[in-house]
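Analysis of the macromolecular model
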Amino acid sequence: MKRRETSTDYTRPYRPRPVAFFNRAGHLARRLGLDDRLRVDRLITAAQQKTGFADFGDNWFLEPLRVLVESINEEARLTPLGIRMQRSRLVSALAIRLRAEALLREHPEIRNLDLGEVIVIAGLQRTGTTLLHRLIATNPGVRALRSWEALDPVPLRSERPGDPRGRIRRAKLAARAVRFLAPDFLAVHPIEHDAPEEDVLLLDASFMSQAPEAMMRVPSYSRWLEGQNHTRPYEYLGTLLKILQWQRPGRSWVLKTPHHLEHLDVVLDVFPNVCVVQTHRDPKKSVPSFWSMVAHARGMLSDQVDPDEIGAHCLRKTERMLERSMNVRKARTGAVFLDVPYRDLVRDPLGELRRVYESAGVAFTEAAEDAATAALTRNPKHRYGRHVYSPKDFGCDNRALDEAFGFYRRAYGIPDESAAREDRS
């Protein structure tokens with residue numbers, strides 16, 4: 001059976017009829033004088049009312065929140081629904097901080113929990129990171145962040161210990177919402193309420209992550225983010241992981257997000273027992289694939305998606321990430337780094353998985369191998385459709401990509417994939 005292909009008409013995002021009607025009504029309300037801009041004080045009040053808590057503890061996160069909100073208001077060009085979705089997202093992040101602070105006051109021993117060995121997958125977007133992450137996460141002894149935990153890492157006041165059904169229900173609704181708003185997005189990045197998910201969503205609780213750049217046009221926030229010290233958000237990431245460890249212990253953890261590639265120095269400082277796994281793929285495939293993902297994501301929130309702007313912004317961002325990661329790897333000679341080529345991962349996933357476990361000092365048991373084998377069978381290629389993309393859609397071509405990333409391909413011996421047309425990340 002032929003799989004449906006993702007749209008490449010990025011300037012005309014898909015709009016279900018109820019969404020189109022809501023946005024038309026919202027635009028009319030704006031013309032009549034409604035101010036739906038985000039306000040930091042109102043977001044904070046809404047989170048406090050939502051949780052019943054008022055104490056955030058250390059308020060250092062307020063500066064990144066203010067910078068992000070200002071950038072959204074001035075630059076993101078969101079639809080009325082997009083504004084509402086971002087308001088909900090920011091209030092939820094603030095609520096997480098409030099609930100976490102209350103929980104830590106009640107259970108201060110959480111701060112002293114040991115996460116064990118930590119495997120950090122830090123390849124570029126679309127280089128096999130999702131495949132590798134989900135294979136490692138099948139290991140019964142390795143703890144991974146689940147989608148519902150990424151959205152709600154802290155227990156709700158109404159929950160009984162060990163019964164997170166309320167948070168799982170929320171995650172199911174969120175996954176359905178994405179399917180409704182952008183059916184193509186699942187072919188680009190699969191979203192399932194209980195599947196392993198990127199821990200960049202936990203960094204969102206500090207309002208210092210690359211996630212806003214992937215969802216919206218926020219150039220001033222992006223520039224500000226690049227000039228900041230990221231130790232505090234990573235320390236808070238560690239705190240949230242310990243809260244999750246307290247709820248459901250694991251002998252070790254696997255983390256994954258391309259965001260880590262830009263901050264490997266901080267990762268190594270904050271997580272003492274860490275093995276960094278960097279996946280590699282020809283940038284002519286991985287980079288335009290990521291551009292397409294950004295375009296689909298932005299299309300959920302805005303009617304004004306500019307593929308050329310996405311290409312230019314993400315090209316510079318990706319060059320920066322690679323340069324920073326290579327500098328850290330040269331300087332931190334005593335750290336544990338493992339390179340996993342995309343082609344080898346696809347050809348021999350179990351063999352590459354064994355290499356990861358050996359480097360991380362985690363036992364690759366028979367149960368772990370059986371679980372990974374079963375996962376490969378359950379998740380066929382193009383399960384949600386065929387992801388199609390081209391650098392030309394974003395004002396670029398293969399020659400320009402080779403020129404921009406020649407230093408990276410030479411450093412890691414990355415083969416040319418010019419003839420390949422399909423993606424499986």
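Structural notes, computed from the coordinates. Worth saying up front: this structure is predicted, and the values here are computed from it rather than measured.

Some remarks on the overall build of the chain
The secondary structure content of the chain amounts to 19 helices and five strands. In terms of overall size, the chain behaves like a compact globule, its C-alpha atoms giving a radius of gyration of 21 Å where 425 residues would be expected to give roughly 22 Å. Taking the principal axes of its C-alpha atoms as reference, the chain extends roughly 60 × 55 × 45 Å. Across the 425 residues in the chain, those meeting the buried criterion constitute 57%. Counting only contacts in the chain whose residues sit at least 6 apart along the sequence, the fraction spanning at least 24 positions is 83%. Treating the 67 positive side-chain charges of the chain as one cloud and the 56 negative ones as another, the clouds have centres 5 Å apart.

What to know about the sheet that holds strand β1 (residues 117-121)
Taken together, the five strands give an open sheet; going across it, the order is β2-β3-β1-β4-β5, and neighbouring strands pair in parallel fashion. The open sheet has two edge strands with one neighbour each: β2 (142-144) and β5 (336-341). With direction set aside, neighbouring strand axes in the sheet form an average angle of 25 degrees. With four bridges connecting them, β1 and strand β4 (residues 274-280) associate as parallel partners. Bridging across to β4, Ile121 finds its partner in Val277. Seen against the sheet, helix α5 (residues 129-137) touches β1, β2, β3 (252-256) and β4 and runs at an angle of roughly 165 degrees to β3. Where helix α12 (residues 231-247) meets the sheet, it contacts β2 and β3, and its direction lies at approximately 135 degrees from that of β3.

Re the pairing of β4
Counting buried positions along β4 gives seven out of seven residues, so the element sits mostly inside the fold. Side-chain alternation along β4 places Val274, Val276, Gln278 and His280 on one buried face and Cys275, Val277 and Thr279 on a second face that is also buried. Two elements, β4 and β5, share six bridges in a ladder whose sense is parallel. Note that in β5 the partner of Val276 across the bridge is Phe337.

Things to note about the packing of aromatic side chains
Per the counting criterion, the structure on display carries seven aromatic pairs. Each member of the aromatic cluster is reached from another via a ring pair, and the members are Tyr10, Trp291 and Phe394. Above the ring of Phe53, the side-chain terminus of Arg157 is found at 4.9 Å from the ring centroid. Positioned above the aromatic ring of Tyr342 is the side chain of Arg281, whose terminal nitrogen or guanidinium carbon lies 3.9 Å from the ring centre.

Criteria and thresholds
Residues numbered from 1 in each chain as written. Predicted model: local features only at pLDDT ≥ 70, side-chain atom pairs only at ≥ 80, totals over all residues. Heavy atoms only, no water. Helix = DSSP H or I, 4+ residues; strand = E, 2+ residues; numbered from the N terminus. Rg over C-alpha atoms; globule rule 2.2 N^0.38 Å. Buried < 20%, exposed > 50% of the residue type's maximum accessible area, 1.4 Å probe, protein only. Contact = heavy atoms within 4.5 Å. Lys, Arg positive; Asp, Glu negative; His and termini not counted. Charge placed at Lys NZ, Arg CZ, Asp CG, Glu CD. Pairing = 2+ DSSP bridges. Axes fitted to C-alpha atoms, helices over the stretch in contact; angles between N-to-C directions. Phe/Tyr/Trp six-rings, centres within 6.5 Å; stacked < 30°, edge-to-face > 60°. Lys NZ or Arg CZ within 6 Å of the ring centre and 35° of its normal.

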